[in-house]
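# Residue-level structural notes
Here are the chains, one letter per residue:
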Amino acid sequence: MELIPAIDIIEGKCVRLTKGDYALKTVYADRPADMARRFEDLGYRRLHVVDLDGAKSKHIVNTNALKQIAETTSLIVDFGGGIKTDDDIRKAFDCGASMVTIGSVAVTHPEQMERWLQEFGSQNIILGADVRNGRISVNGWKEDSSEQLLPFLQRYIEKGITKVLCTDISRDGTLTGPAVSLYQEILKAFPQLHLIASGGVSSDDDLRCLEAAGLPAAVFGKAFYEGRITLTPNMLQP
């Protein structure tokens, strides 16, 4: 299983929220690039970066932080948050993202999402499936759409999506454990999917549990910043 640390950015700083609530914010580092180099030094190859200002503003904001991470590390960065327009997605790639994570647009403007898949390639786009009460949430998790999870995934898999980042919003930043049964349900329905688990990871044991459940990859953030994660990539079986 691939271990993917996360950096969430507000006002250029590395933060974590609880359940996506901007009022429940903890700052962990003033410079995201410094944290990214720390992850690289520990042996991580991937990094998940979320522009929380962008998610709230509905256009990307923290491009300088993304550029600094890309210029000072060799990490493979996937970037999400606020990518709503052609200009946004091009900026993300121009500033050093190897992949982008698209959530809201996939719900609200599916024709635009399909065009991006054609233009930028499905290998470079991760479908963001942020779930609350079985429905896909949009616009920085402030709104729940009418989209049910499995039909939403089915539709985009048919359009070429191979990578999905699924976050259980009720668990994100809570350190209460990941939604293993949810991910098993998804993998049972779509065994070929490169599913990235996100939300609730609290310990090394949680990561091992996700690996045992067959997850190809998992994102974690708060648990690392709180000193609860000691695993590094070479400690799990390839």
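Residues numbered from 1 in each chain as written. Predicted model: local features only at pLDDT ≥ 70, side-chain atom pairs only at ≥ 80, totals over all residues. Heavy atoms only, no water.

### Things to note about the packing of aromatic side chains
Tallied over the entire structure, the rule returns nine aromatic pairs. Pairwise contacts between aromatic rings join Y28, F39, Y44, F220, F224 and Y225 into one cluster. Geometry around Y22 places K56 over its ring, the cationic atom sitting 4.7 Å from the centre. (Phe/Tyr/Trp six-rings, centres within 6.5 Å; stacked < 30°, edge-to-face > 60°. Lys NZ or Arg CZ within 6 Å of the ring centre and 35° of its normal.)

### A look at helix α4 (residues 86-94)
Burial in α4 covers these residues: D88, I89, A92 and F93. The buried residues of α4 occupy an angular sector of 130 degrees when projected down its axis, which confines them to one face. G96, located one to two residues past α4, shows a positive phi value of around 115 degrees. (Buried < 20%, exposed > 50% of the residue type's maximum accessible area, 1.4 Å probe, protein only. Helix = DSSP H or I, 4+ residues; strand = E, 2+ residues; numbered from the N terminus. Arc of directions from axis to C-beta.)

### Some words on the side chain of D51
Within the secondary structure, D51 is located in strand β4 (residues 46-51). Although buried, D51 forms no salt bridge, and the nearest oppositely charged side chain, K91, lies 9.7 Å from it. Polar contacts involving the side chain of D51 include one to the main-chain amide nitrogen of V61, which spans 2.6 Å. Beyond its immediate chain neighbours, meaning those up to four positions away, D51 contacts I9, I60, V61, N62, F79, G80 and G81. (Lys, Arg positive; Asp, Glu negative; His and termini not counted. Salt bridge = Lys/Arg side-chain N within 4 Å of Asp/Glu carboxyl O. Polar contact = N/O pair within 3.5 Å; in protein donor to acceptor, adjacent residues only side chain to side chain. Contact = heavy atoms within 4.5 Å.)

### Notes on the nonpolar core
In this structure, Y183 and I186 are the most contacted members of the largest nonpolar core, which totals 72 residues. Those residues in contact with Y183 that sit more than four places away from it in its chain are C166, T167, D168, P178, L195, A197, S198, G199, L210 and L215. (Core = buried A, V, L, I, M, F, W, Y, C linked by side-chain atoms within 4.5 Å.)

### So, the pairing of strand β5 (residues 76-80)
β5 sits mainly inside the fold: four of its five residues count as buried. One ladder, built from five bridges, connects β4 with β5; its direction is parallel. Across the sheet, V49 pairs through a bridge with F79, a residue of β5. One ladder, built from three bridges, connects β5 with strand β6 (residues 99-102); its direction is parallel. By the bridge assignment, D78 is partnered in β6 with M99. Handedness of the β5-α4-β6 crossover: right-handed. (Pairing = 2+ DSSP bridges. Right-handed = clockwise from strand over helix to strand, strands pointing away.)

### Overview of helix α6 (residues 110-120)
Here α6 has its buried residues at Q112, M113, W116, L117 and F120. The buried residues of α6 occupy an angular sector of 145 degrees when the element is viewed end-on, so they sit on one face. The exposed residues of α6 that point more than 90 degrees off its buried face are E111 and Q118. Those residues of α6 that are buried lie in contact with α4, β6, α5 (104-108), β7 (125-132) and α7 (149-158). Phi turns positive, to about 90 degrees, at G121, one or two residues after α6.

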